[in-house]
Amino acid sequence: MRIMKCNIPAGSLFSRRSALKIGAVLTGSLVAGFDLAGAPAKRRVVVWSERTAPKDVYPDDINGAIAKGLEGLENWEVIKKNLDDPEQGVSEELLSQTDVLIWWGHKRHGEVKDALVERIVKRVKEGGMGFISVHSSHFAKPYKKLMGTACSWSEYKVDGSSVQVIVKEPNHPIAKGVKDFNLPQTERYGEPYKVPTPEAVVFDGIYNRPDGTHEPSRQGLCWTVGKGKVFYFQPGHETFPDLFRPEVQLIFRNAVAWAAPR
Ligand code: ZN
């Protein structure tokens, strides 16, 4: 049987992917957001990384760790992709069927093709796809393009500092169930952070330096860009196993649910 073509905007209550699945056996008794068995159609999150993290800390790289933490998300399909996959992991077709894209890069930002960056930005602004940028992805090309600013911090130091992550907006969906927590080691990113004024700073932070001094630095920030939601999370340096921590995993699950198009 021929699959029917559906012109449902990406990011609508049920996805084009679900529509195609349903369209294959269309009976005329559809309820938006549900498949034929009556189960809610799954949404899709793609977790992308450049695969440069040390194997002794992240055996399945950063995207493997983040994807593991998303396993508890109900009704979500979690897909891992990386820079060395065909089409740099994000084909036009996959992108059009993705509700949220999580991005971690560090050393290979420059290899990401401009055409891919354009596609991602368009998908966020016009299609409402959520975009989550992690740690050193403050310099990732799609994130910089979405922000439209330098996205630089004033300094980048691994000097034995710890960070106290503070829930600043306890009623924000990304903070649901999250309490203040400490990361015993961190890469210290210094303010000011050159991004547009965020619509919410969900997580603040205080660095505790080895010399006993303290310094504030924002850890979790949100924006709306066009139709899409964007979240930046500062922790996630590749030599510390923070992306396996339950508090961090909860933040990612919350952030994916928040960033998904309504
Ligand atoms: Zn780092």
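Structure report, in brief. Just so you know, these numbers come straight off a predicted model, no measurement behind them. (Residues numbered from 1 in each chain as written. Predicted model: local features only at pLDDT ≥ 70, side-chain atom pairs only at ≥ 80, totals over all residues. Heavy atoms only, no water.)

## Considering the overall build of the protein
Secondary structure assignment for the protein yields 6 helices and 12 strands. Counting contacts in the protein only where the partners sit at least 6 residues apart, residues at least 24 apart contribute 70% of the total. Here the protein has roughly 11800 Å² of accessible surface; of this, 54% comes from carbon and sulfur atoms. (Helix = DSSP H or I, 4+ residues; strand = E, 2+ residues; numbered from the N terminus. Contact = heavy atoms within 4.5 Å. Areas by Shrake-Rupley, 256 points an atom, 1.4 Å probe, with all protein chains shown as cover.)

## Concerning the nonpolar core
In terms of nonpolar packing, the biggest core is built from 72 residues, with Ile102, Trp103, Tyr143, Phe203, Phe231 and Phe252 touching the most fellow members. Each residue touching tryptophan 103, except ones within four places of it in the same chain, is listed here: Trp48, Val90, Val112, Leu116, Ile120, Phe131, Ile132, Ser133, Val134, Ser137, Ala140 and Pro142. (Core = buried A, V, L, I, M, F, W, Y, C linked by side-chain atoms within 4.5 Å. Buried < 20%, exposed > 50% of the residue type's maximum accessible area, 1.4 Å probe, protein only.)

## Some points on the pattern of salt bridges
If you walk through the whole model with that rule in mind, you get 18 salt bridges. As a salt-bridge pair, lysine 80 and aspartate 60 come within 2.6 Å of each other at their nearest N and O atoms. Of this pair, lysine 80 sits in strand 2 (residues 76-82) while aspartate 60 is found in the loop between strand 1 (43-49) and helix 2 (61-69), placing the two residues 20 residues apart along the sequence. A salt bridge links glutamate 118 to lysine 145; the shortest N-O distance between them is 3.2 Å. Residue glutamate 118 is found in helix 4 (residues 114-127), and its partner lysine 145 is found in helix 5 (residues 141-147); the two are separated by 27 residues along the sequence. Put simply, Glu155, Lys157, Asp159, Arg188, Arg209 and Glu215 are held in one network by salt bridges that share partners. (Salt bridge = Lys/Arg side-chain N within 4 Å of Asp/Glu carboxyl O.)

## Considerations on unusual backbone geometry
Proline 192 follows glutamate 191 through a cis peptide bond whose omega is 5°. Phi angles above zero are rare outside glycine, and arginine 51 is one such case at about 60°. Here arginine 51 lies in the loop between strand 1 and helix 2. The phi dihedral of aspartate 61 falls on the positive side, at around 60°, and the residue is not glycine. By secondary structure assignment, the location of aspartate 61 is in helix 2. Assessed through its relative accessible area of 0%, aspartate 61 is described here as buried.

## Some words on the pairing of strand 2
The pairing of strand 1 with strand 2 spans 7 bridges and is classified as parallel. Within strand 2, the residue paired with valine 47 across the bridge is lysine 80. Read as a crossover between parallel neighbours, the route from strand 1 over helix 2 to strand 2 is right-handed. (Pairing = 2+ DSSP bridges. Right-handed = clockwise from strand over helix to strand, strands pointing away.)

## A closer look at the coordination of the zinc ion
Looking at the zinc ion, one finds its protein donor set to be His135 (NE2), Glu187 (OE) and His237 (ND1), positioned 2.0 to 2.1 Å from the metal centre. Linear spacing of the donor residues for the zinc ion on their chain is H-x51-E-x49-H. Of this pair, histidine 135 sits in the loop between strand 4 (130-134) and helix 5 while histidine 237 sits in the loop between strand 12 (228-233) and helix 6 (246-259); the two residues are 102 residues apart in sequence, bridging distant segments of the chain. Judged by its relative accessible area of 1%, histidine 135 falls in the buried class. (Donors = N, O, S within 2.8 Å, 3.2 Å for Na, K, Ca; no water.)

## Focus on helix 4
Because an α-helix packs 3.6 residues into every turn, residues spaced three or four apart end up facing the same way. Here helix 4 contains 14 residues, and its C-alpha end-to-end distance of 19 Å stays within 8% of the 20 Å for a straight helix at 1.5 Å per residue. Buried within helix 4 we find Leu116, Val117, Ile120, Val121, Arg123, Val124 and Gly127. Where helix 4 is buried, its residues touch helix 3 (92-96), strand 3 (100-104), strand 4, helix 5, strand 11 (220-225) and strand 12. Where helix 4 ends, the next residue or the one after it, glycine 128, has phi of about 80°, a positive value. (Expected span 1.5 Å × (residues − 1).)

## Focus on the environment of valine 46
Positionally, valine 46 belongs in strand 1. By relative accessible area, which is 1% here, valine 46 ends up buried. In sequence terms valine 46 and leucine 101 are 55 residues apart; their C-alpha atoms lie 4.9 Å from each other.

## Some remarks on empty space enclosed by the protein
Space left empty within the atom packing is revealed by a probe, the size of a water molecule, rolled over the atoms. Going through the model one piece at a time under the given rule, you end up with 1 cavity of 30 Å³ or more. Counted as a void, the largest cavity has a volume near 40 Å³. Lining the largest cavity are Trp48, Glu50, Trp103, Gly105, Arg108, His109, Val112, Ala140, Lys141 and Pro142. Of the residues contributing to the lining of the largest cavity, the split by class is 5 nonpolar, 2 polar and 3 charged. (1 Å grid on protein atoms, 1.4 Å probe; cavity = no way out; pocket = protein on both sides within 12 Å on 5 of 7 lines; lining within 4 Å. Points joined across faces, edges and corners; volume = space filled by probe spheres on them. Nonpolar A, V, L, I, M, F, W, Y, C, P; charged D, E, K, R; others polar.)

## Quick look at helix 6
Across its 14 residues, helix 6 extends 20 Å between first and last C-alpha, which sits within 8% of the 20 Å expected from 1.5 Å per residue. Where helix 6 is concerned, the buried positions are Val248, Gln249, Ile251, Phe252, Asn254, Ala255, Val256, Trp258 and Ala259.

## Looking at the pairing of strand 3
Burial runs high along strand 3: 5 of the 5 residues are buried. The alternating pattern of strand 3 places Val100, Ile102 and Trp104 and Leu101 and Trp103 on opposite faces, both of which are buried. As judged from the 5 bridges shared by strand 1 and strand 3, these two strands associate in the parallel manner. Each bridged residue has a counterpart across the sheet, and for valine 46 the counterpart in strand 3 is leucine 101. Considered for its hand, the β-α-β crossover made up of strand 3, helix 4 and strand 4 is right-handed.

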